[in-house]
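Here is what each chain is made of, one letter per residue.
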Amino acid sequence: MINVLKKIYTSISQTIKIDEKSIFPLLFTLIFVFIIIQYSFNTFDAIFYDLWIKSDALIKKDNSFVVVSMDETTDQLSGEVYPYTYLTHAKLMESIASDTPNSIIYFVDFSSPTNALEQEHLQRFIASIEKFKGDTIVRFVSSLDSFGENFPPDEIRKYGFSLGVMNEDGKDFNRENMVRQAVLNVSGEDTIHLWMANRLREQSNLAKLDSKSVWGSFYHSNADATFVLFRFLTSLQVPSENYLRIPINRVINKALPPGFFKGKNVFIGHQYVSRGDDFVSTPLMRDLKIPKIQVHASIIDALAQEKTIFRIPFWLTQVMTVIISVLLSVLIARVSPLRGLIYILCSACLVIVVTFALFLGLGIWLKMAHIVTGIFLVYYIWVPFRAIAEYQSRYAIQEETKILKQVDRLKHNFISLMSHDLKTPVAKISGIVDLMMVKLDSNFEARKMMRDLQDSTQELNSFISSILDLTKIESQDLKLNIIQKDVNTLIETTVEKLTFQAETKGMKIETELGPLYPVSIDPILILRVISNLVENSIKYSGPNSTVMIKTWDDKEWVYIEIYDNGVGIPEEDLKHIFDKFYRVKNNLSHSIKGSGLGLYLVKYFIELHQGKIQVSSLVGEGTKFLIQLKNS
């Protein structure tokens with residue numbers, strides 16, 4: 001068996017490329033599946049089979065079936081005790097004969113007459129049978145007991161008889177002794193059920209059924225009999241909706257309207273509460289037994305309508321269990337435990353729905369106990385393995401995250417320390433440059449060098465400030481200092497500071513500022529936002545261009561629009577300009593220095609104020625930024 005499992009695993013792993021971590025759960029699954037398919041789960045299968053039977057509404061009862069019964073009540077009214085005399089049966093037949101029924105089936109054990117009077121009554125009974133026309137079927141039913149088959153007396157045997165055995169399941173359904181299957185043939189002789197069903201089919205011009213050709217029939221060699229699962233009438237569980245039942249005394253006393261039995265199929269039998277053999281258990285109602293004569297009628301009705309059940313072979317169920325278990329294993333091996341549980345539940349529900357549909361639609365019974373058990377077995381094997389693997393992965397990620405946080409913290413500390421330490425010498429250099437420019441006032445060449453050095457110092461100082469801001473952002477140490485401030489004032493300050501820079505490049509800065517109320521902002525950060533955007537326009541627009549700044553407001557927002565008529569930004573770069581350390585790739589970007597953090601910080605500062613920023617640009621026409629700040 002181990003070699004078989006190895007071969008199966010090898011072929012599966014090569015076909016579906018199973019991960020090495022899935023070897024053990026897959027092997028465990030195969031081993032346990034092979035174990036469970038060796039056992040039967042008849043009780044589980046019986047529960048669902050009975051549920052399907054109760055839900056079956058495909059069979060319609062034949063209203064031509066009438067049951068004439070004998071019981072304790074008819075005994076009291078007629079003054080007789082079962083078995084009734086031949087005289088009573090003769091009167092019964094005489095009452096029915098005038099209506100020319102379609103058939104009369106006698107589920108009664110007759111004994112040979114023991115005296116001359118009984119012999120005379122038997123002759124009268126035979127004479128009453130002879131009154132029927134030739135197209136009326138009269139058939140007697142023999143029974144089985146511990147001594148063998150009980151045949152009708154020789155005098156009435158000539159009218160024909162068939163065995164009327166009722167099978168109560170024991171082996172296939174966990175010895176519950178319920179009637180779920182009918183006996184079609186015993187030792188080569190058709191039972192009354194198949195015989196009568198064929199007579200009814202002949203009258204309806206339907207093909208005759210052979211015990212081997214009945215849908216779902218199977219042969220038991222030990223019993224030398226052919227059986228079939230049949231579909232009950234759902235109405236059998238409601239006594240008032242069973243086949244029409246008439247007490248024998250009403251028929252004898254002619255208390256029925258003329259022609260009542262015309263064209264009917266009459267089943268004559270007994271249903272004594274005191275006789276346990278007269279009632280049987282069915283899947284329809286476990287706690288309430290049904291008269292056997294009613295079940296006989298239901299079997300004949302089901303066979304005549306070909307409403308029988310085909311049971312799928314057990315070996316095919318075993319193969320399906322293995323295949324479904326393997327496929328689910330492969331699926332669960334690739335998903336999270338929670339999703340795996342969802343797949344398990346959906347698979348089990350799908351199996352139940354499919355088996356129910358097969359039963360109702362095609363009369364096919366698939367024993368699903370092994371399949372459903374295999375599905376949940378996959379869950380109990382794979383989900384713990386998947387949970388362990390996921391826990392290990394999560395633990396590794398947590399450890400890696402801890403290390404990354406430590407490295408990140410060290411990086412931030414290093415950058416912060418370096419930036420702070422750099423600011424001091426940069427400030428000293430800037431101060432020295434200012435002093436040297438005063439002393440070298442008459443030396444043009446020296447002043448030009450000092451001015452270049454001063455510009456480089458300012459660029460370095462701006463870069464250090466950006467790095468410090470980035471460090472504060474990533475460490476979440478940046479806090480807003482909110483006050484009420486007029487945005488127009490910040491714009492005027494920016495314009496005043498950058499006008500000289502713009503004029504040196506042959507550019508103009510124009511404003512169109514609408515009247516605004518003060519809003520709640522951090523003025524230092526917003527000033528940096530405006531300065532950065534205006535300074536970028538000055539850097540990238542070129543000579544003879546204009547930077548325009550507009551402001552206006554509504555009830556919800558304060559709007560700041562900054563646009564230029566410079567070179568513009570290509571579309572492929574436009575969606576990345578707010579990314580960290582991103583710079584537009586063109587000829588100007590190589591000659592103009594920058595950190596790539598300016599617009600990233602601009603967007604962050606605006607969103608920190610719960611505002612919005614939008615950008616639009618066309619190459620060769622210019623770029624427009626629109627800022628929205630809460631008007632509060």
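Structure shown above.
Residues numbered from 1 in each chain as written. Predicted model: local features only at pLDDT ≥ 70, side-chain atom pairs only at ≥ 80, totals over all residues. Heavy atoms only, no water.

Caption draft 1: Inspection of the pairing of strand β1 (residues 65-70) at higher detail. Across the six residues of β1, six count as buried, placing the element largely inside the fold. Covered by surrounding structure in β1 are F65, V67 and S69 together with V66, V68 and M70, the residues of both alternating faces. Here six bridges tie β1 to strand β11 (residues 265-270), and the two strands are oriented parallel to one another. Paired with V67 across the strands is F267, a residue of β11. Strand direction decides the pairing type here: β1 and strand β10 (residues 244-247), joined by four bridges, are parallel. When the bridges of β10 are listed, V68 appears paired with I246. (Buried < 20%, exposed > 50% of the residue type's maximum accessible area, 1.4 Å probe, protein only. Helix = DSSP H or I, 4+ residues; strand = E, 2+ residues; numbered from the N terminus. Pairing = 2+ DSSP bridges.)

Caption draft 2: Highlighting the packing of aromatic side chains. Here the structure, examined in full by the defined rule, presents 26 aromatic pairs. The interplanar angle of 55° and the centroid separation of 5.1 Å between the aromatic rings of F65 and F267 together place this pair among those described as tilted. One end of the pair, F65, is in strand β1; the other, F267, is in strand β11, with 202 residues separating them in the sequence. Side by side, F65 and F267 carry an identical accessibility label, which is buried. Among the aromatic residues, those joined into a cluster by ring pairs are Y86, Y106, F110, F125 and F140. The side chain of R139 reaches across the aromatic face of W195, ending 4.0 Å from its centre. (Phe/Tyr/Trp six-rings, centres within 6.5 Å; stacked < 30°, edge-to-face > 60°. Lys NZ or Arg CZ within 6 Å of the ring centre and 35° of its normal.)

Caption draft 3: A nonpolar patch on the surface, seen in detail. On the surface, a cluster of nonpolar side chains totalling about 610 Å² of accessible area is made up of F24, F28, F32, I35, Y39 and F385. Top element by residues in the nonpolar patch is helix α2 (residues 23-36). It accounts for four residues. Note on placement: F385 falls in helix α13 (residues 369-439). Accessibility expressed as a relative area gives 33% for F385, which makes it partly exposed. (Patch = residues over 30% accessible without salt bridge, like charges linked within 9 Å, V, L, I, M, F, W, Y side chains within 5 Å. Areas by Shrake-Rupley, 256 points an atom, 1.4 Å probe, with all protein chains shown as cover. Salt bridge = Lys/Arg side-chain N within 4 Å of Asp/Glu carboxyl O.)

Caption draft 4: Highlighting the nonpolar core. By size, the foremost hydrophobic cluster in this structure holds 68 residues, and its most contacted members are F230, F267 and V295. Sorting elements by how many residues they give to this core places α13 first, with nine residues. Setting aside residues no more than four positions away along its own chain, V295 makes contact with M166, V179, F230, F232, V280, T282 and I290. Grouped together as the second largest cluster of nonpolar side chains are 38 residues, L490, L599, F605 and I606 included. (Core = buried A, V, L, I, M, F, W, Y, C linked by side-chain atoms within 4.5 Å. Contact = heavy atoms within 4.5 Å.)

Caption draft 5: Region of the structure containing the sheet that holds strand β21 (residues 612-618). Reading across from one edge, β17-β19-β20-β22-β21 is the order of the five strands in this open sheet, with mixed pairing throughout. Lying at the two open borders of the sheet, with one neighbouring strand each, are β17 (508-513) and β21. On average, each strand axis in the sheet is inclined to that of its neighbour by 10°, with strand direction left out of account. Strand direction decides the pairing type here: β21 and strand β22 (residues 622-630), joined by seven bridges, are antiparallel. Its bridge partner lying in β22, L618 is registered against G622. (Axes fitted to C-alpha atoms, helices over the stretch in contact; angles between N-to-C directions.)

Caption draft 6: Spotlight on the pairing of β11. Among the six residues in β11, six count as buried, and that is most of the element. Taking every second residue as pointing to the same face, both faces of β11 are buried, with N265, F267 and G269 on one and V266, I268 and H270 on the other. Sheet topology note: the strand β2 (residues 103-106)/β11 ladder contains four bridges and is parallel. Following the sheet pairing, I104 is matched in β11 by V266.

Caption draft 7: Broad picture of the pattern of salt bridges. What the rule picks out here adds up to ten salt bridges. Between R157 and D154 there is a salt bridge whose closest N-O contact spans 3.1 Å. Of this pair, R157 and D154 are both found in helix α7 (residues 154-157), three residues apart, which corresponds to roughly one turn of the helix. Accessibility expressed as a relative area gives 32% for R157, which makes it partly exposed. One salt bridge connects K624 with E561, and the closest N-O pair in it is separated by 3.9 Å. Separated by 63 residues along the polypeptide, K624 in strand β22 and E561 in strand β20 (residues 557-564) bring together distant segments of the chain. In this structure K624 comes out as partly exposed when scored by relative accessible area, which is 35%. E561 sits in the buried class, given a relative accessible area of 11%.

Caption draft 8: Broad picture of helix α11 (residues 314-332). Across its 19 residues, α11 extends 27 Å between first and last C-alpha, which sits within 8% of the 27 Å expected from 1.5 Å per residue. Those residues of α11 that sit buried are T317, T321, V322, S325, V326, L328, S329, V330 and I332. (Expected span 1.5 Å × (residues − 1).)

Caption draft 9: Region of the structure containing the packing of α2 against α11. One can describe the packing of α2 onto α11 by two numbers: an axis separation of 10 Å at closest approach and a directional angle of 160°. The angle between the axes of α2 and α11 places the two elements in the roughly antiparallel class. As α2 packs across α11, the resulting crossing turns out to be right-handed. Taken together, the residues of α11 that come into contact with α2 (itself represented by L26, T29, L30 and V33) are T321, V322, S325, V326 and S329. Split by residue class, the contact of α2 with α11 holds five nonpolar, four polar and no charged. (Parallel < 35°, antiparallel > 145°, perpendicular 65-115°, else oblique. Left-handed = near helix turned anticlockwise from the far one by under 90°. Nonpolar A, V, L, I, M, F, W, Y, C, P; charged D, E, K, R; others polar.)

Caption draft 10: Quick look at the environment of T88. Here T88 is to be found in helix α5 (residues 86-97). Distance from T88 to F125, taken between C-alpha atoms, is 8.6 Å for residues 37 residues apart in sequence. Apart from residues lying up to four places away in sequence, T88 is in contact with E80, I248 and I252.

Caption draft 11: Looking closely at the side chain of H193. Note that H193 resides in helix α8 (residues 192-203). What makes H193 buried here is its relative accessible area of 0%. Within polar-contact distance, the side chain of H193 engages the side chain of H296 at 2.8 Å. Residues in contact with H193, not counting those within four places in the same chain, are V165, V183, H296, I299, I300 and L303. (Polar contact = N/O pair within 3.5 Å; in protein donor to acceptor, adjacent residues only side chain to side chain.)

Caption draft 12: The arrangement of the environment of E496 in detail. With respect to the element layout, E496 can be found in helix α15 (residues 487-504). C-alpha of E496 to C-alpha of I509: the two residues are 13 residues apart in sequence and 9.6 Å apart in space.

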